[in-house]
Amino acid sequence: GYAASELWQDEVFVHEVLTQHGRQGLLRAPHELWSRPDFVREAVRQHGWALEFAAPCLQARKDIVLQAVLRDVDGLAFAAPQLQADRELVLAAIRREGAALAF
C-alpha cells in the first residue's frame, strides 16, 4: 500500500524510502513532492536518475541538476535542454563518467 501523505513530510521517512526502496519508493511518492526542491534534492542525491520525475522547473535548476549528475550521469538526460548544453554540468558529468559525451 501507499504511505499516508503526512509521512512524506517527514524527512527521516523520505530518506529511508529513498535509501531502502530506490525506484519503487520514488514511484510511490505523491506527485506534489516532485515540485518541492528539498525532496527532489534528496532524491537526486541518492539516485541521479530521479531527476526524471522532478517538476520541469526543478529540471531547469542548475544546482539540482548538478547534484543529480554528481551522483549518476544519467541524470543529465532529464535536465532541461539548456542545462544539457551547460559547459559546467557536462564537464562534471564527463569527470564522473566518460559516457556523458553521448549526450
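Every value quoted in this text rests on a predicted model; they were computed, and no experiment measured them. (Residues numbered from 1 in each chain as written. Predicted model: local features only at pLDDT ≥ 70, side-chain atom pairs only at ≥ 80, totals over all residues. Heavy atoms only, no water.)

Caption draft 1: Molecular detail of the packing of helix H4 (residues 62-71) against helix H6 (residues 87-96). As a packed pair, H4 and H6 sit with axes 9 Å apart at the nearest point and diverge in direction by 15°. Comparing the axis directions of H4 and H6 gives the class roughly parallel. Crossing geometry of H4 relative to H6 is assigned as right-handed. Along the contact surface, H4 presents Lys-62, Val-65, Leu-66, Val-69, Leu-70 and Arg-71, while H6 presents Glu-88, Leu-89, Ala-92, Ala-93 and Arg-96. Residue composition of the contact of H4 with H6, by class: seven nonpolar, no polar and four charged. (Axes fitted to C-alpha atoms, helices over the stretch in contact; angles between N-to-C directions. Helix = DSSP H or I, 4+ residues; strand = E, 2+ residues; numbered from the N terminus. Parallel < 35°, antiparallel > 145°, perpendicular 65-115°, else oblique. Left-handed = near helix turned anticlockwise from the far one by under 90°. Contact = heavy atoms within 4.5 Å. Nonpolar A, V, L, I, M, F, W, Y, C, P; charged D, E, K, R; others polar.)

Caption draft 2: Structural view of the side chain of His-47. Considering the arrangement of structural elements, one finds His-47 in the loop between helix H2 (37-46) and helix H3 (56-59). Judged by its relative accessible area of 17%, His-47 falls in the buried class. In this view, His-47 contacts Leu-18, Gly-22, Leu-26 and Arg-71; residues no more than four positions away in its chain are not counted. (Buried < 20%, exposed > 50% of the residue type's maximum accessible area, 1.4 Å probe, protein only.)

Caption draft 3: Molecular detail of the nonpolar core. Trp-34, Phe-39, Val-40, Leu-51 and Val-65 are the most contacted members of the largest nonpolar core, which totals 28 residues. Put simply, the parts of the chain that give this core at least two residues each are helix H1 (11-28), H2, H4 and H6. Dropping the residues within four chain positions of it, Trp-34 is found in contact with Leu-26, Ala-29, Phe-39, Val-40, Ala-43, Ala-50, Phe-53, Ala-54, Ala-55 and Leu-58. (Core = buried A, V, L, I, M, F, W, Y, C linked by side-chain atoms within 4.5 Å.)

Caption draft 4: Region of interest: the side chain of Gln-59. Among the structural elements, Gln-59 can be located in helix H3. Separated by 3.4 Å, the side chain of Gln-59 and the backbone oxygen of Glu-52 make a polar contact. Polar contacts involving the side chain of Gln-59 include one to the main-chain carbonyl oxygen of Ala-54, which spans 3.4 Å. With residues up to four places along the chain from it excluded, the contact list for Gln-59 reads Leu-51, Glu-52, Ala-54, Val-65, Phe-78, Ala-79, Ala-80 and Leu-83. (Polar contact = N/O pair within 3.5 Å; in protein donor to acceptor, adjacent residues only side chain to side chain.)

Caption draft 5: Layout of the environment of Leu-83. Here Leu-83 shows up in helix H5 (residues 81-84). As for Leu-83 and Ala-60, which are separated by 23 residues in sequence, their C-alpha atoms are 6.7 Å apart. Those residues in contact with Leu-83, other than ones at most four positions away along the chain, are Gln-59, Ala-60, Arg-61, Lys-62, Val-65, Leu-76 and Leu-89.

Caption draft 6: Spotlight on the packing of aromatic side chains. Inspection of the entire model under this criterion finds two aromatic pairs. Measuring from ring centre to ring centre gives 4.8 Å for Trp-34 and Phe-39, while their planes differ by 85°; the resulting arrangement is edge-to-face. Judged by centre distance (5.5 Å) and plane angle (45°), the rings of Trp-34 and Phe-53 are tilted. One end of the pair, Trp-34, is in the loop between H1 and H2; the other, Phe-53, is in the loop between H2 and H3, with 19 residues separating them in the sequence. The exposure class of Trp-34 is buried, given its relative accessible area of 5%. Of the residues examined, Phe-53 reaches a relative accessible area of 22% and is grouped as partly exposed. (Phe/Tyr/Trp six-rings, centres within 6.5 Å; stacked < 30°, edge-to-face > 60°.)

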